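As a plain string of letters, each chain reads:
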Amino acid sequence: VGMARRDGLRLLYPGKEHAIFGEMECGKTWVMLGCVVAELDAGHSVLYVHFEESDPASTVERLVAMGAHERDILERLRFVGPEQRVHSGALAPLAEPLPSLVLLDGVNEAMALHGQAINDPDGAAAFRRLLVKPWTRHGVAVLAADHVVKDPEKRGRSQFGSAHKGNAVDGATILLENVEPFGRGQRGASQVFVTKDRPGHLRRHGTPVVKVPGKTLIGTLILDDTRTWVPWTDLAFLPPPTQADAEPDPIDNKVMAAVAGLISDGLGTSVRKVRAKAGGKAKAVDDALDRLVVRQLLIEKREGQSRIFIPAITEESP
């Protein structure tokens, strides 16, 4: 269910609970909206429950910017911004027709609204009984957005609050770590990790993080709002270039060599010069640059609106 990686792998299991978490502006909402677009394009209904925004304007604006059809949004997307506690009877009208995906944006706000303690296992269990189980028992995939602990040294593989939040998830937990900031008119990127995969079908399509047991790099999320290649905001989900069951993309090596050659020639490392030296399609070169930055093989610097690239000296560097 939901958005697919460029090779066709989807992140969400039907009838299972999932959590996506990370720091602010790491792309959590964009992943959720990517899942909305995918399900609408497939002809399915979607329910989006936003506990932090009662006005659907921002959500609809982003969906339209991503190329979603307005008729699909009107006919098959239901947006709810709760301002009072939800009771079981309030869910029944939202189940006709039954959605393929339910999105719960703002877990901590939802728990606070219902008087559920964020750090209490009973609070997490009550949230799950009220807002998750009524959907999963009917085969609906649920994806809830949450936050990480503010102190980086105290972060684990799960979201902020009670460990029960992550322990009881029977689908997958997804962690986003921003590499390049997102913004209007910009091109940003985040790493996508799976930190829990109860059914076990996702991890084998990723690259384990050696120093963090249970953390698997599943790909790179690229949000391109430059409107350079297409007239809409382009959301791409790329597989890890080092994944064991696939050959690394040859363009990565060409781009790396191009950057190194430009530096040795003293010609600089702007995107335009890298494209010219590497050859091939310009968008493929840009995607390769993002992957190499994520893998910490290149360092990206900003000079005004220009992106400047410098090779990084790491153990992975050729």
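1. Looking at the packing of helix α1 (residues 28-41) against helix α2 (residues 57-65)
Okay, so step 1: In the contact formed by α1 and α2, the axes pass within 10 Å of each other and the chain directions differ by 65 degrees. Helix-helix and strand crossings are classified by hand; for α1 and α2 the assignment is right-handed. Facing Thr29, Trp30, Leu33, Val36 and Val37 of α1, the residues of α2 in contact are Thr59, Arg62 and Leu63.
Okay, so step 2: Across the contact of α1 with α2, the residue classes break down as five nonpolar, two polar and one charged.

2. Examining the packing of aromatic side chains
Okay, so step 1: Evaluated as defined, the whole model comprises one aromatic pair.
Okay, so step 2: A ring pair is formed by Tyr48 and Phe79, whose centres lie 5.9 Å apart and whose planes are at 20 degrees; its orientation type is stacked. In this pair, Tyr48 is assigned in strand β2 (residues 46-50) and Phe79 in strand β3 (residues 77-80), connecting sequence segments 31 residues apart.
Okay, so step 3: By relative accessible area, Tyr48 is classed as buried at 0%.
Okay, so step 4: Above the ring of Phe193, the side-chain terminus of Lys215 is found at 4.3 Å from the ring centroid.

3. Re the packing of helix α10 (residues 271-278) against helix α11 (residues 282-294)
Okay, so step 1: Between α10 and α11, the least distance of the axes is 10 Å, while the angle of their chain directions is 115 degrees. Compared by their axis directions, α10 and α11 come out roughly perpendicular. Remark: the crossing between α10 and α11 carries right-handed chirality. Contacts between α10 and α11 pair Val271, Val274, Arg275 and Ala278 from the former with Ala282, Val285, Asp286 and Leu289 from the latter.
Okay, so step 2: Residues belonging to the contact of α10 with α11 are distributed by class as follows: six nonpolar, no polar and two charged.

4. Describing the side chain of Thr216
Okay, so step 1: If you trace the backbone, Thr216 turns up in strand β9 (residues 216-224).
Okay, so step 2: A distance of 3.4 Å separates polar atoms of two side chains, one belonging to Thr216 and the other to Arg203.
Okay, so step 3: Filtering out sequence-adjacent residues up to four positions away, Thr216 remains in contact with Val192, Phe193, Val194, Arg203, Gly206, Thr207, Pro208 and Val209.

5. With respect to the pairing of strand β7 (residues 187-197)
Successive residues of a regular strand alternate their side chains across the two faces of the sheet.
Okay, so step 1: In terms of residue burial, β7 counts as a mostly covered element, since eleven of its eleven residues are buried.
Okay, so step 2: Pairing of strand β6 (residues 172-180) with β7, which is carried by eight bridges, proceeds in the antiparallel orientation. Paired with Glu180 across the two strands is Ala189, which belongs to β7.
Okay, so step 3: Linkage of β6 to β7, two consecutive antiparallel strands, is achieved through a turn of six residues, within which Gly185 is found at a positive phi near 75 degrees.
Okay, so step 4: Alignment of β7 against β9, held across eight bridges, turns out to be antiparallel. Bridge pairing links Ser190 to Leu221 in β9.

6. A few points about the pattern of salt bridges
Okay, so step 1: In this structure the tally under the stated criterion is 14 salt bridges.
Okay, so step 2: Between Arg128 and Glu17 there is a salt bridge, and its shortest N-O distance comes to 2.6 Å. Remark: Glu17 occurs in strand β1 (residues 17-22) and Arg128 occurs in helix α6 (residues 121-131); sequence separation between them is 111 residues.
Okay, so step 3: Exposure remark for Arg128: the relative accessible area of 6% places this residue in the buried category.

7. A few points about the environment of Gly2
Okay, so step 1: Within the secondary structure, Gly2 sits in the segment before β1.
Okay, so step 2: The class of Gly2 is buried, set by a relative accessible area of 0%.
Okay, so step 3: Separated by 38 residues in sequence, Gly2 and Leu40 have C-alpha atoms that sit 9.5 Å apart.
Okay, so step 4: Excluding its chain neighbours within four sequence positions, the residues that come into contact with Gly2 are Arg10, Cys35, Ala38 and Glu39.

8. Description of the environment of Val274
Okay, so step 1: Topologically, Val274 is positioned in helix α10.
Okay, so step 2: The exposure class assigned to Val274 is buried, which follows from its relative accessible area of 0%.
Okay, so step 3: Setting aside chain neighbours within four positions, we find Val274 in contact with Val255, Ala258, Val259, Leu262, Thr269, Val285 and Leu289.

Definitions and cut-offs
- Residues numbered from 1 in each chain as written.
- Predicted model: local features only at pLDDT ≥ 70, side-chain atom pairs only at ≥ 80, totals over all residues.
- Heavy atoms only, no water.
- Axes fitted to C-alpha atoms, helices over the stretch in contact; angles between N-to-C directions.
- Helix = DSSP H or I, 4+ residues; strand = E, 2+ residues; numbered from the N terminus.
- Left-handed = near helix turned anticlockwise from the far one by under 90°.
- Contact = heavy atoms within 4.5 Å.
- Nonpolar A, V, L, I, M, F, W, Y, C, P; charged D, E, K, R; others polar.
- Phe/Tyr/Trp six-rings, centres within 6.5 Å; stacked < 30°, edge-to-face > 60°.
- Buried < 20%, exposed > 50% of the residue type's maximum accessible area, 1.4 Å probe, protein only.
- Lys NZ or Arg CZ within 6 Å of the ring centre and 35° of its normal.
- Parallel < 35°, antiparallel > 145°, perpendicular 65-115°, else oblique.
- Polar contact = N/O pair within 3.5 Å; in protein donor to acceptor, adjacent residues only side chain to side chain.
- Pairing = 2+ DSSP bridges.
- Salt bridge = Lys/Arg side-chain N within 4 Å of Asp/Glu carboxyl O.

Distances and angles like these do not, on their own, reveal function.
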